[in-house]
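Given next are the chains, with one letter for each unit.
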Amino acid sequence: MSDATDTTQMAHAADKAKIWPMYRAVVGLGFLCGFIIVGVYEGTKPIIQRNRIEMREQAIKDVLPGAVTTQAFMLNEQEQFVTVPSAQENGGLLFAGYDESDQLVGLAIEAQGMGYQDVVRLLYGYSFESETILGIRVLESRETPGLGDRIESDPVFLKNFGTLDVRLTSDGSSVANPIEFVKPGEKTDDWQIDGISGATITSRATATLLRESSTSWLPKVNAQKDAFLKGKRSP
Amino acid sequence: MTNIDQKHPTGTDEFLKGIWKQNPVFVQVLGMCPVLAVTNTAVNALAMGLATAFVLVMSNLVVSSVRQIVPKQVRIVSFIMIIATFVTVVDYLIQAISLDLHKALGAFISLIVVNCLILGRAEAFASKNGLGRSFLDGLGMGTGFTLGLLCLGGVREILGSGSLFGVSLFGSSFQPWVVMVLPPGGFFTLAGWLLFFNWRAQAKARSETSNVKETLA
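Computed from a prediction, not measured in an experiment: that's the story for all the values here.

Reading guide: rules and limits
Residues numbered from 1 in each chain as written. Chains lettered and ligands numbered in written order. Predicted model: local features only at pLDDT ≥ 70, side-chain atom pairs only at ≥ 80, totals over all residues. Heavy atoms only, no water. Pairing = 2+ DSSP bridges. Helix = DSSP H or I, 4+ residues; strand = E, 2+ residues; numbered from the N terminus. Phe/Tyr/Trp six-rings, centres within 6.5 Å; stacked < 30°, edge-to-face > 60°. Lys NZ or Arg CZ within 6 Å of the ring centre and 35° of its normal. Expected span 1.5 Å × (residues − 1). Bend = angle between axes of the 7 residues up to and from the residue. Buried < 20%, exposed > 50% of the residue type's maximum accessible area, 1.4 Å probe, protein only. Polar contact = N/O pair within 3.5 Å; in protein donor to acceptor, adjacent residues only side chain to side chain. Contact = heavy atoms within 4.5 Å. Nonpolar A, V, L, I, M, F, W, Y, C, P; charged D, E, K, R; others polar. Core = buried A, V, L, I, M, F, W, Y, C linked by side-chain atoms within 4.5 Å. Salt bridge = Lys/Arg side-chain N within 4 Å of Asp/Glu carboxyl O.

> For this particular structure, what's the right way to read the pairing of strand S1 (residues 69-75) of chain A?
A regular strand places its side chains so that they alternate between the two faces of the sheet. Residues and elements named next belong to chain A. Bridging between S1 and strand S3 (residues 94-98) involves five bridges; their strand directions are antiparallel. Bridge pairing in S3 places Phe 73 opposite Leu 94. Taking the residues that link successive antiparallel strands as the turn, the S1-strand S2 (residues 81-84) hairpin has five residues, and the phi of Glu 79 there is positive, at about 60 degrees.

Laid out in structure tokens, this is it:
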């Protein structure tokens with residue numbers, strides 16, 4: 001290779017002879033790297049899973065102020081809400097939070113949708129009593145640090161929640177005023193979400209995923225509200 | 001760099017050059033993406049620095065130990081593969097240590113792969129030197145990078161949030177300079193530090209020339 005006086009043919013033959021070492025090096029290193037990654041993945045998997053569940057547990061208590069115990073629910077094939085063990089990590093779960101006297105505080109519902117960079121997964125708290133969204137906690141996001149990730153920290157944006165109106169229509173079949181996104185400072189109604197300037201796309205995505213999730217879940221959970229009330233006592 | 005190599009530097013020299021003479025942040029100005037992006041708090045800076053240092057040390061070790069069997073045509077792909085492996089490892093380890101930290105560092109952990117400092121050390125040093133030296137080089141460069149990040153992260157957190165490592169410094173009357181934790185603050189702080197180090201280097205060079213002149217006179 002390095003010898004400039006080589007004829008092309010000789011260089012070609014020399015190249016061919018060198019293919020095996022190249023192949024060996026790349027494939028060999030590939031296997032080695034694969035083993036390292038699989039080893040570390042398997043080793044850290046249970047710890048990461050435990051961390052995720054702990055984080056979710058904390059998030060549930062954050063979005064449902066006053067909740068001390070939680071119970072996970074899922075919708076079975078007969079469209080009934082049934083209890084499932086909380087210590088699992090699959091999606092589509094709802095969590096009921098209960099206070100010290102075992103009274104239902106509300107539901108924490110997981111929702112996800114496309115943000116600016118990638119899928120944003122969050123948990124929001126719903127109160128049956130006030131029919132509002134109590135708060136949100138981001139479970140997973142890869143939004144731009146300093147901009148998109150402010151949906152979790154921006155005090156003005158977080159003020160949207162707590163009084164965010166998701167009342168159902170009188171027959172309980174749909175949300176009376178689906179959540180709307182408005183530009184920063186233009187909020188006039190309780191069902192509107194004021195955006196964050198500089199994080200318009202992420203805050204709009206948050207509003208959209210909350211609207212989609214609330215319009216599909218809230219009629220269902222309200223129709224079976226009793227399932228959550230006695231959920232604490234059923235095995 | 002060449003004159004250091006020619007003089008057969010000791011192990012201590014290999015380690016120290018990354019911290020001072022060839023500091024990756026302030027002298028080589030490498031890996032600016034994480035330097036500017038995740039230094040809004042001292043904790044983030046420290047975690048990012050340590051993660052990068054770990055990847056740097058491990059990749060230097062592996063690159064140095066396989067340097068004889070990797071043909072030079074495929075060296076870059078092999079190095080990147082090794083680096084990407086350790087970045088994935090770091091990603092899992094950070095998730096296992098703290099998910100909050102993982103959330104704060106976000107996409108920048110995966111981006112350690114493209115930090116030119118790491119490939120630079122693999123190519124310029126580890127692929128030409130033995131295990132021990134490569135280890136010391138990685139450790140020194142990693143420490144230098146971490147210190148560099150801490151210099152930025154410390155200043156930005158103190159001015160931008162009025163705290164250091166989360167401990168409030170000035171009490172509630174302090175009005176934080178919010179711009180310092182935002183992206184422009186990264187540039188301001190980096191410029192400030194570079195100004196300081198270059199000014200020092202110039203002052204040193206000036207005093208050396210005047211010393212030489214005195215001896216000549």
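Having seen the structure, we can now continue with the description.
> Looking at this model, I keep getting lost on the packing of aromatic side chains. Mind explaining?
Two descriptors summarise a pair of aromatic rings, namely the distance from one centre to the other and the angle between the planes of the rings. All names here are of chain A. The final tally for this structure, using the stated rule, is 15 aromatic pairs over all chains. Through pairs of rings, three or more aromatic residues link up here, namely Phe 73, Phe 81, Tyr 126, Phe 128, Trp 217 and Phe 228. Over the face of the ring belonging to Trp 217 we find Lys 220, whose NZ or CZ atom lies 5.7 Å from the ring centre.

> For this particular structure, what's the right way to read helix H3 (residues 200-223) of chain A?
The terminal C-alpha atoms of H3 of chain A lie 34 Å apart, and with 24 residues this matches the ideal 34 Å at 1.5 Å per residue to within 8%. Where H3 of chain A bends most, the angle comes to about 30 degrees, and this point is Trp 217 of chain A, followed within four residues by the proline Pro 219 of chain A.

> Got a minute to help me understand the sheet that holds strand S5 (residues 119-127) of chain A in this structure?
Sheet strands pair by backbone hydrogen bonding; their relative direction is either parallel or antiparallel. All names here are of chain A. The strand order S2-S1-S3-S4-S5-S6-S7 describes an open sheet built from seven strands, whose pairing is antiparallel. The open sheet is flanked by S2 and strand S7 (164-165), the only strands paired with a single partner. Here S3 pairs with strand S4 (residues 104-114) via five bridges, running antiparallel. When the sheet's bridge partners are listed, Gly 97 is paired in S4 with Gly 106.

> What is the right way to read the side chain of Asp 165 of chain A from this model?
Residues and elements named next belong to chain A. Mapped onto the secondary structure, Asp 165 falls in strand S7. Exposure remark for Asp 165: the relative accessible area of 7% places this residue in the buried category. Engagement of the side chain of Asp 165 in a polar contact is seen with the side chain of Arg 167, the distance being 2.8 Å. Residues contacting Asp 165, with those up to four places away along its chain left out, are Glu 131, Thr 132, Asn 177, Asp 190 and Trp 191.

> Whenever I open this one, the pairing of S3 of chain A confuses me. Can you help?
Counting buried residues in S3 of chain A gives five out of five residues, a clear majority hidden from the surface. Burial along S3 of chain A is two-sided: Leu 94, Ala 96 and Tyr 98 of chain A and Phe 95 and Gly 97 of chain A, pointing in opposite directions, are all buried.

> Teacher, can you tell me more about the interface of chain A and chain B here?
How big an interface is tends to be stated in terms of the accessible area lost upon association of its parts. With 24 residues of chain A in contact, the opposing surface of chain B contributes 24 residues. Taken together, the links from chain A to chain B amount to three residue pairs in polar contact (both at pLDDT 80 or more). Elements with a minimum of two residues in the side of chain A that touches chain B: helix H1 (8-63) and strand S6 (132-140) of chain A. For the side of chain A that touches chain B, the residue count by class is 17 nonpolar, four polar and three charged.

> Teacher, can you tell me more about unusual backbone geometry here?
Residues other than glycine predominantly adopt negative phi, and peptide bonds predominantly adopt the trans conformation. One non-glycine residue, Asp 102 of chain A, lies in positive phi territory at about 60 degrees. Tracing the backbone shows Asp 102 of chain A in the loop between S3 and S4. Residue Asp 102 of chain A is classed as partly exposed on the basis of its relative accessible area, which comes to 41%. Although it is not a glycine, Val 29 of chain B adopts a positive phi angle of roughly 50 degrees. Of note, Val 29 of chain B is situated in the loop between helix H2 (11-19) and helix H3 (32-37).

> Hey, could you run me through the nonpolar core in this one?
Where a protein is soluble and globular, its nonpolar side chains tend to be buried together. Within the largest apolar cluster, 44 residues are counted, with the highest numbers of intra-cluster contacts made by Val 25, Val 35, Val 55, Ile 82, Leu 105 and Leu 190 of chain B. For this core, the secondary-structure elements that each account for two or more residues are H1 of chain A together with H3, helix H4 (42-66), helix H5 (75-97), helix H6 (99-105), helix H7 (116-126), helix H8 (131-161) and helix H9 (183-216) of chain B. Counting residues per element, this core draws most heavily on H4 of chain B, which supplies nine residues. Ignoring sequence-local partners within four residues, the contact set of Val 55 of chain B consists of Ile 83, Phe 86, Val 87, Val 90, Ile 112 and Ile 118 of chain B. Within the second largest apolar cluster, 37 residues are counted, among which are Leu 122, Phe 128, Leu 209 and Ala 227 of chain A.

> Looking at this structure, how should I read the side chain of Asp 154 of chain A?
If you trace the backbone, Asp 154 of chain A turns up in the loop between S6 and helix H2 (155-158). In terms of polar contacts, Asp 154 of chain A uses its side chain to reach the backbone amide nitrogen of Val 156 of chain A, at 3.1 Å.

> How should the pattern of salt bridges be read in this particular structure?
When charged atoms on two side chains of opposite charge get close, those side chains can pair. What the rule picks out here adds up to nine salt bridges over all chains. Notably, a salt bridge pairs Asp 165 of chain A with Arg 167 of chain A, separated by 2.8 Å at the nearest N-O pair. Residue Arg 167 of chain A is classed as partly exposed on the basis of its relative accessible area, which comes to 41%. A salt bridge links Arg 75 of chain B to Glu 123 of chain B, with the nearest nitrogen and oxygen atoms 3.0 Å apart. In this pair, Arg 75 of chain B sits in helix H5 while Glu 123 of chain B sits in helix H7, placing the two residues 48 residues apart along the sequence.

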